[in-house]
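Structural features, examined
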Amino acid sequence: MTARVKTDNGGKYVGQLCKHWSHKLETRIDGDSGRVTFPSAIVTMDADAEGIALVIVGDDAGEVERLTDVVARHIDRFAFREAPLAYDWTWKEAAS
């Protein structure tokens, strides 16, 4: 699943989210990009001046879909001054 979320504070939210999840999950942050490894999926976040590009990949479509809500709720929690943000999730075709 992929989404593009408009916000002027994307880098800040990516950092906060990775730090938040680092207590229970494997996370990696590099500047305004972050990666969170869940037991059944990986979430990558790349922020720029206009927003955050989100990608969730995993083998279980139901779990990937569930994580769209988890990720959105957590970003909105950090972005409370501008929440709720708009998430237009779309399925990304797997590379063959």
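All of these numbers come straight from a predicted model, not from anything done at the bench.

Right, let's get into unusual backbone geometry. Omega for the bond connecting Ala 83 with Pro 84 falls within 30 degrees of zero, at 0 degrees, which places this linkage in the cis form. Along the polypeptide, Pro 84 turns up in the segment after helix 2 (61–78).

Turning our attention to the sheet that holds strand 3 (residues 33–37). Pairing is antiparallel in the open sheet, where five strands are placed in the order 1-5-4-3-2. One side of each edge strand has no neighbouring strand; the edge strands of this open sheet are strand 1 (2–6) and strand 2 (26–30). The mean inter-strand angle of the sheet, taken between neighbouring strand axes irrespective of direction, is 15 degrees.

A few words on helix 2. Quick reminder: α-helices carry 3.6 residues per turn. Residues three or four places apart thus point the same way. An ideal rise of 1.5 Å per residue puts 26 Å on 18 residues; helix 2 measures up with 26 Å between its terminal C-alpha atoms. All of the buried residues in helix 2 are Glu 63, Val 64, Leu 67, Thr 68, Val 70, Val 71, Ala 72, His 74, Ile 75 and Asp 76. Where helix 2 is buried, its residues touch helix 1 (10–21), strand 4 (42–48) and strand 5 (51–57).

What follows deals with the environment of Lys 92. With respect to the element layout, Lys 92 can be found in the segment after helix 2. Between the alpha carbons of Lys 92 and Val 55 there is a distance of 8.4 Å; along the sequence they are 37 residues apart.

What follows deals with the pairing of strand 5. Put simply, side chains in a regular strand alternate between the two faces of the sheet. Two elements, strand 1 and strand 5, share five bridges in a ladder whose sense is antiparallel. Note on strand 5: the bridge partner recorded for Lys 6 is Gly 51. Sheet topology note: the strand 4/strand 5 ladder contains seven bridges and is antiparallel. Bridge pairing in strand 5 places Ala 47 opposite Ile 52. Linking strand 4 back to strand 5 in an antiparallel pair, the connection comprises two residues.

Definitions and limits used
Residues numbered from 1 in each chain as written. Predicted model: local features only at pLDDT ≥ 70, side-chain atom pairs only at ≥ 80, totals over all residues. Heavy atoms only, no water. Helix = DSSP H or I, 4+ residues; strand = E, 2+ residues; numbered from the N terminus. Pairing = 2+ DSSP bridges. Axes fitted to C-alpha atoms, helices over the stretch in contact; angles between N-to-C directions. Expected span 1.5 Å × (residues − 1). Buried < 20%, exposed > 50% of the residue type's maximum accessible area, 1.4 Å probe, protein only. Contact = heavy atoms within 4.5 Å.

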